[in-house]
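Okay, here's what each chain looks like letter by letter:
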Amino acid sequence: MRLRTPAAVTATAVLVIGGLGACSSSGTSSDPSSAASSAAPSVSATPNGIQDLKPDEILAQAKTAAESATSVKVKLVTEAQGQEILTDLTISSEGSQGTLGQPGGEPVQVVATPTAYYVKGGGFAESLGANEADVAGKWLSVPKDNPAAQTFAGLGSVKDFAASTLNAPSDMKKGDTKDINGVPAIGLTSKQATLWIATVGEPYPLLIEAPEGTKGSMTLSDWNAPVTITPPPEAEVVDITTLQSAAPQVPTAPAPSAPAPSAS
């Protein structure tokens, strides 16, 4: 439960890869437990017994259930400088679509398909190496074999998302039980966050909450609901490969005298 988020979500929601605990403690945020979760296990579902397992075993079962699902709704709420930032995504086995919140800016639209990522939002496109004037009013397509596609790692499928989000920190322990949207759940806690997992039906992750004293939550709902991922019309798409090939070549900088530290 390292609570990692895909790079695109991380960058636009002001989250440190380590978890939700990096969110600001100022202001207010909505109560994630009140969000709808129509496809989550019902309170009448059969108990799955995970609350009796060790923390790593609970997480393993939750991760397996999540990676095997066909779809999930992800709502990420964070804050930056007192402003609430909302990322709202629907992720399926074939890709994802939705909006990525940005501090001080309008949300960025994103669609992921089996072959490419599409993003609409000039400022964000510029961060991927595109000139804003070249993509004004257009979708920027990023083929999955393009290096810029790493920005969206984790949004390609539910399996990718679960694999990049549900990783165990060394201090993970079993916590309390409570109802999430009326569904009994067990908490796995760490300094980074608390992950709530259904104790009835399939052990789906239901909610990730930032530590006490900070703001931030990720609600996971509508597991296995029908989803159709629709790429933007071809006439409204600009391929980043074309823009990169037309860009002037920048001289290669001299190699550093010592290797740069690798990202953890």
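Residues numbered from 1 in each chain as written. Predicted model: local features only at pLDDT ≥ 70, side-chain atom pairs only at ≥ 80, totals over all residues. Heavy atoms only, no water.

Considerations on the nonpolar core
Across soluble globular proteins, nonpolar side chains have a tendency to be buried as a group. Ranked by internal contacts, the top residues of the largest apolar core, which has 44 residues, are Val74, Ile91, Ile197 and Trp223. Of all the elements, helix H2 (residues 55-68) adds the most residues to this core, at 5 residues. Core analysis: the next-biggest nonpolar cluster, separate from the first, contains 9 residues, Ala45, Trp196, Leu206 and Leu207 among them. (Core = buried A, V, L, I, M, F, W, Y, C linked by side-chain atoms within 4.5 Å. Buried < 20%, exposed > 50% of the residue type's maximum accessible area, 1.4 Å probe, protein only. Helix = DSSP H or I, 4+ residues; strand = E, 2+ residues; numbered from the N terminus.)

Concerning helix H5 (residues 158-165)
When we look at burial in H5, the residues that qualify are Val158, Phe161, Ala162, Ser164 and Thr165. Where the residues of H5 are buried, they touch H2, strand S1 (71-80), strand S2 (83-92), strand S10 (205-209) and strand S11 (217-221). (Contact = heavy atoms within 4.5 Å.)

Side note on the sheet that holds S10
Taken in spatial order, the 12 strands of this open sheet run S7-S8-S9-S10-S11-S1-S2-S3-S4-S5-S6-S12, and their pairing is mixed. A single partner strand is all that each edge strand has here, and the edge strands are strand S7 (173-180) and strand S12 (237-239). Between one strand and the next, the sheet's axes are offset by a mean angle of 20°, whatever the strand orientation. Across 4 bridges, the pairing between strand S4 (residues 105-112) and strand S5 (residues 116-120) is antiparallel. Within S5, the position partnered with Ala112 by the bridge is Tyr117. Packed on one face of the sheet, H2 meets S7, strand S8 (183-189), strand S9 (194-198) and S10 and runs near 120° to S8. (Pairing = 2+ DSSP bridges. Axes fitted to C-alpha atoms, helices over the stretch in contact; angles between N-to-C directions.)

Any link to function would need more than the numbers given here.
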